[in-house]
2 protein chains.
Amino acid sequence: MALLRTREAVVQRFRVVLSQYGLTEQQWRILRALEGREGLEISLLAEQCQIQLPSMTGILKRMESRGLTRRKANHADGRSILIALTVESKALVERIKPQIVEVYAEIERILGRRKLEQLYALLEELENGLGTASEPC
Amino acid sequence: MALLRTREAVVQRFRVVLSQYGLTEQQWRILRALEGREGLEISLLAEQCQIQLPSMTGILKRMESRGLTRRKANHADGRSILIALTVESKALVERIKPQIVEVYAEIERILGRRKLEQLYALLEELENGLGTASEPC
DNA sequence: CCGAGATAGTTAATATGTTAAGTAAAACTG
DNA sequence: CAGTTTTACTTAACATATTAACTATCTCGG
C-alpha cells in the first residue's frame, strides 16, 4: 500500500504535464524508450517500459494512428516488428522533456539526493530479492 | 519506474495467493479494510484502499454478486451507503490471511526489519512532499 | 529437409484506472 | 424556506492490466 500510494503521488505529477499533450504515462515511457534509437522490437520495448505485450498492441495502435510511432519490418526476424519514433514525435519529446526533467528535480528537492539514492537502492534490493526467491520451478 | 517495477514484483507475490481464491488485489484490500467493522461508507473505503470511486462501483458490484460484500442503508445520511462483509467473506478472510501474512514475512526477510522501516519512511516522506507541494490552488 | 518446441505478437475476455458528466440527498445562505 | 453549493455515488467513454488461447515464424535435433 505504501508503494502504491507513493507511486500514485509521483505519477500524478507526471500526468499533469503529459495530459496537456494528450499522452498517458505509458505512451510517454514508450516515447522515451524509443528516443535516440532507430527501431526497437515490441517485446524489448515492452520490457523496458514495464508494459505487458497484450497492452502494447493497443497502445501502439493508438500511438500509430496519431502518428507518434511507426513500424518497420525486421528483416533479420520475420516474427518481430521494429517500432520507431516519427519526425513529429521526436519534436514532441523534445518539447515535453524539460517539463518532465523539472518533475524529477522536484522529487530530488523533496528527498535530497542522498535519500533519493537510498530509496532507489532499497527498491532495487527488494525487487531483486522478490524476483529470484521462491520461484524454483 | 523503480517504484513501478518494485510494486509489480511485490504485488505479483500477493496475486499468486489471491488468484487461488478468485480475488484481485483490489478486492482483497476491500475485504481487509472492512474486516472488524460493521459497515464503512464507500468513499471512506475507497480512500483507505486507494481505489477511485468510479472503480469502486464496478468492483463492489462484482463482489456483491459473489456474496463477498453487502450494502446497508446509512440512516444518518441518505446519500452514502455502508458496505460490510458477509458471513462467508469473513470466513474467507480468515482462511486467506495466514498466507498473506507469510508474504509480508518474506518481504521482511529480504530487506530486514530496519531497511524495511527505512523504506516505509522514505516512501512516506516522498508522498507527503508531493502531496502538499506546488498545489497552491 | 521435417516436425517438435520455442518466440514474437495479436486476439479475446474480464477487471481496473482515469476524467468528466450526471443524479440525488445534505448542508448552507440569504 | 427557496435557491445555491457541496457531497456521495453512479454512468459513460476511453485507456490499461491480466491471463489464456491462437497465429505466424524460427530454431534445432534427427
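Our structure's up above, just so we're on the same page.
Note that the structure is predicted; figures quoted are calculated from it, not measured.

What counts as what
Residues numbered from 1 in each chain as written. Chains lettered and ligands numbered in written order. Predicted model: local features only at pLDDT ≥ 70, side-chain atom pairs only at ≥ 80, totals over all residues. Heavy atoms only, no water. Near = heavy atom within 4 Å. Polar contact = N/O pair within 3.5 Å; in protein donor to acceptor, adjacent residues only side chain to side chain. Helix = DSSP H or I, 4+ residues; strand = E, 2+ residues; numbered from the N terminus. Nonpolar A, V, L, I, M, F, W, Y, C, P; charged D, E, K, R; others polar. Salt bridge = Lys/Arg side-chain N within 4 Å of Asp/Glu carboxyl O. Buried < 20%, exposed > 50% of the residue type's maximum accessible area, 1.4 Å probe, protein only.

Undergrad: Tell me about the protein's contact with DNA strand C, and please be specific about residues and values.
TA: Every one of the 24 residues lining DNA strand C counts as a neighbour, but Ser43(A), Thr24(B), Gln26(B), Arg62(B) and Gly78(B) are closest to it. The sugar-phosphate portion of DNA strand C accounts for 76% of its atoms within 4 Å of the protein, the bases making up the rest. Taking Gln26(B), its side chain carries an N or O atom lying 2.8 Å from a sugar or linking oxygen of DNA strand C. The separation between a phosphate oxygen of DNA strand C and a polar main-chain atom of Gly78(B) is 2.7 Å. At the level of elements, α1 (2-18), α3 (42-49) and α4 (53-65) of chain A together with α2 (25-34) and α4 (53-65) of chain B are the ones that each hand at least two residues to the surface near DNA strand C. Take the surface near DNA strand C: its biggest share by element is four residues, from α4(B). Grouping the amino acids of the surface near DNA strand C by side-chain chemistry returns seven nonpolar, nine polar and eight charged.

Undergrad: Please set out the pattern of salt bridges residue by residue, giving values where relevant.
TA: All names here are of chain B. Taken as a whole and assessed by the stated rule, the structure comprises 31 salt bridges over all chains. For lysine 97, the salt bridge goes to glutamate 35, with nearest N and O atoms at 2.7 Å. Separated by 62 residues along the polypeptide, lysine 97 in helix α5 (residues 87-111) and glutamate 35 in the loop between α2 and β1 (40-41) bring together distant segments of the chain. The shortest N-O distance in the salt bridge between lysine 72 and glutamate 38 comes to 3.7 Å. Taken together, the residues lysine 72 in strand β2 (residues 69-73) and glutamate 38 in the loop between α2 and β1 connect sequence positions 34 residues apart. Take lysine 72: its relative accessible area is 25%, and that puts it in the partly exposed class.

All quantities given are derived from atomic positions and should not be read as evidence of function.
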